[in-house]
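Topology and contacts: notes
What follows is each chain in one-letter form.
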Amino acid sequence: KAGVTQTPRYLIKTRGQQVTLSCSPISGHRSVSWYQQTPGQGLQFLFEYFSETQRNKGNFPGRFSGRQFSNSRSEMNVSTLELGDSALYLCASSDISGSEKLFFGSGTQLSVL
Amino acid sequence: QKEVEQDPGPLSVPEGAIVSLNCTYSNSAFQYFMWYRQYSRKGPELLMYTYSSGNKEDGRFTAQVDKSSKYISLFIRDSQPSDSATYLCAITGSSNTGKLIFGQGTTLQVKP
């Protein structure tokens, strides 16, 4: 069974631009969560989607948004990028909403210059 | 005060040593306790999962939860160079929000 796939693997953007990250969950998994990982703050929860609905949201500004499609694939968008948005963005899937047992992808490393 | 505190290390031990990794947390409502392992350039993978208090053993790994002290531990016996990774504790409450609260992670190096 294929794991969680995130694309692209690396991204370089400049301040003020926007970016879209993609995540394909494990086949059969309907829940997708997004996390931001930085050396200073560690892993922080962004949001969770289940059956195309956002179920939970972390404490991030509205510049961070996401969506989920009917095939469970998910995208995350960050608008008006700031230097502090440089991070590893991790997507995780699970078979049920709110599960503690998450399966993570390898992440998208975003650098904002 | 952070909800979960974890010593970032790094921790360096010789092969075969017993490793002890620890986290403390502040909210007594937390019910689910996990340990994830993250190799360089990879996402975290679930290593151990414990509900409420007690011990759980899986091969060389033992997870302990002491809710009275708000303290969780991961022990690795007979450590191997392949155990070299960052270990993250993660905690969540009983409301099944899907939001895991992670510790900072402890970087472990096991030297041959």
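To start, this report covers the structure provided alongside it. Just so it is clear, the model here is predicted, and its values are computed rather than measured. (Residues numbered from 1 in each chain as written. Chains lettered and ligands numbered in written order. Predicted model: local features only at pLDDT ≥ 70, side-chain atom pairs only at ≥ 80, totals over all residues. Heavy atoms only, no water.)

**Observations concerning the side chain of D83 of chain B**
Residues and elements named next belong to chain B.
- Here D83 lies in the loop between β8 (71-76) and β9 (85-92).
- On the accessibility criterion, D83 (2% relative accessible area) is buried.
- Ignoring sequence-local partners within four residues, the contact set of D83 consists of R37, R60, F61, I76, L108 and V110. (Helix = DSSP H or I, 4+ residues; strand = E, 2+ residues; numbered from the N terminus. Buried < 20%, exposed > 50% of the residue type's maximum accessible area, 1.4 Å probe, protein only. Contact = heavy atoms within 4.5 Å.)

**A few points about the layout of surface pockets**
- Of the volumes computed, that of the largest pocket is approximately 360 Å³.
- Around the largest pocket, the lining is made up of 16 residues, and of these L43 and Q44 of chain A together with E3, I101 and F102 of chain B lie nearest the centre.
- Contributing elements (two or more residues each) for the lining of the largest pocket: β5 (42-50) of chain A together with β10 (101-102) of chain B.
- No other element matches the three residues that β5 of chain A contributes to the lining of the largest pocket. (1 Å grid on protein atoms, 1.4 Å probe; cavity = no way out; pocket = protein on both sides within 12 Å on 5 of 7 lines; lining within 4 Å. Points joined across faces, edges and corners; volume = space filled by probe spheres on them.)

**Quick word on the packing of aromatic side chains**
- Using the criterion set out here, one finds 12 aromatic pairs over all chains in the structure.
- Taken together, a centroid distance of 5.5 Å and an interplanar angle of 65° make the contact between Y35 of chain A and F45 of chain A edge-to-face. Remark: F45 of chain A occurs in strand β5 and Y35 of chain A occurs in strand β4 (residues 31-38); sequence separation between them is 10 residues. Taken individually, Y35 of chain A and F45 of chain A each receive the classification buried, so the pair is uniform in this respect.
- Put simply, the rings of Y35, F45 and F104 of chain A together with Y36 and F102 of chain B pair up and form one aromatic cluster. (Phe/Tyr/Trp six-rings, centres within 6.5 Å; stacked < 30°, edge-to-face > 60°.)

**Details of the environment of K70 of chain B**
Residues and elements named next belong to chain B.
- For K70, the position within the fold is in the loop between β7 (61-66) and β8.
- Here K70 falls in the partly exposed class, since its relative accessible area comes to 27%.
- Sequence separation of K70 and P44 is 26 residues, and the distance between their C-alpha atoms is 23 Å.

**What about unusual backbone geometry?**
- With an omega of -10°, the peptide bond running from T7 of chain A to P8 of chain A counts as cis.
- Within the secondary structure layout, P8 of chain A lies in the loop between β1 (5-7) and β2 (10-13).
- Note that the residue after G9 of chain B, namely P10 of chain B, is joined by a cis bond; omega there is 10°.
- Inspection of the secondary structure puts P10 of chain B in the loop between β1 (4-6) and β2 (11-14).

**So, the nonpolar core**
- Ranked by size, the top nonpolar core spans 25 residues in total, and within it W35, I72, L74 and Y87 of chain B carry the most contacts.
- Elements with a minimum of two residues in this core: β3 (19-25), β4 (32-38), β5 (45-51), β7, β8, β9 and β11 (106-111) of chain B.
- Counting residues in each nonpolar core, the second largest holds 21 residues, with L21, I26, L46 and V78 of chain A among its members. (Core = buried A, V, L, I, M, F, W, Y, C linked by side-chain atoms within 4.5 Å.)

**Overview of the interface of chain A and chain B**
- Of the residues lining the interface, 24 residues belong to chain A; the matching set on chain B comes to 20 residues.
- Contact with chain B buries surface across chain A, with L43, E100 and F104 of chain A losing the most and accounting together for 34% of the total.
- Taken together, chain A and chain B are joined by zero salt bridges.
- One can count eight residue pairs in polar contact (both at pLDDT 80 or more) joining chain A with chain B.
- Of all the elements in the fold, those that place two or more residues in the side of chain A that touches chain B are β4, β5 and β9 (87-94) of chain A.
- Of the residues contributing to the side of chain A that touches chain B, the split by class is nine nonpolar, 11 polar and four charged. (Buried area = accessible area lost by both parts, 1.4 Å probe. Salt bridge = Lys/Arg side-chain N within 4 Å of Asp/Glu carboxyl O. Polar contact = N/O pair within 3.5 Å; in protein donor to acceptor, adjacent residues only side chain to side chain. Nonpolar A, V, L, I, M, F, W, Y, C, P; charged D, E, K, R; others polar.)

**Some remarks on the pattern of salt bridges**
All names here are of chain B.
- Under the defined criterion, the tally for this structure stands at seven salt bridges over all chains.
- Across the salt bridge formed by R37 and E45, the nearest N and O atoms sit 3.1 Å from each other.
- For R37, a relative accessible area of 14% translates into the label buried.
- The partner of R60 in a salt bridge is D83, with the nearest N and O atoms 2.8 Å apart. In this pair, R60 is assigned in the loop between β6 (54-58) and β7 and D83 in the loop between β8 and β9, connecting sequence segments 23 residues apart.

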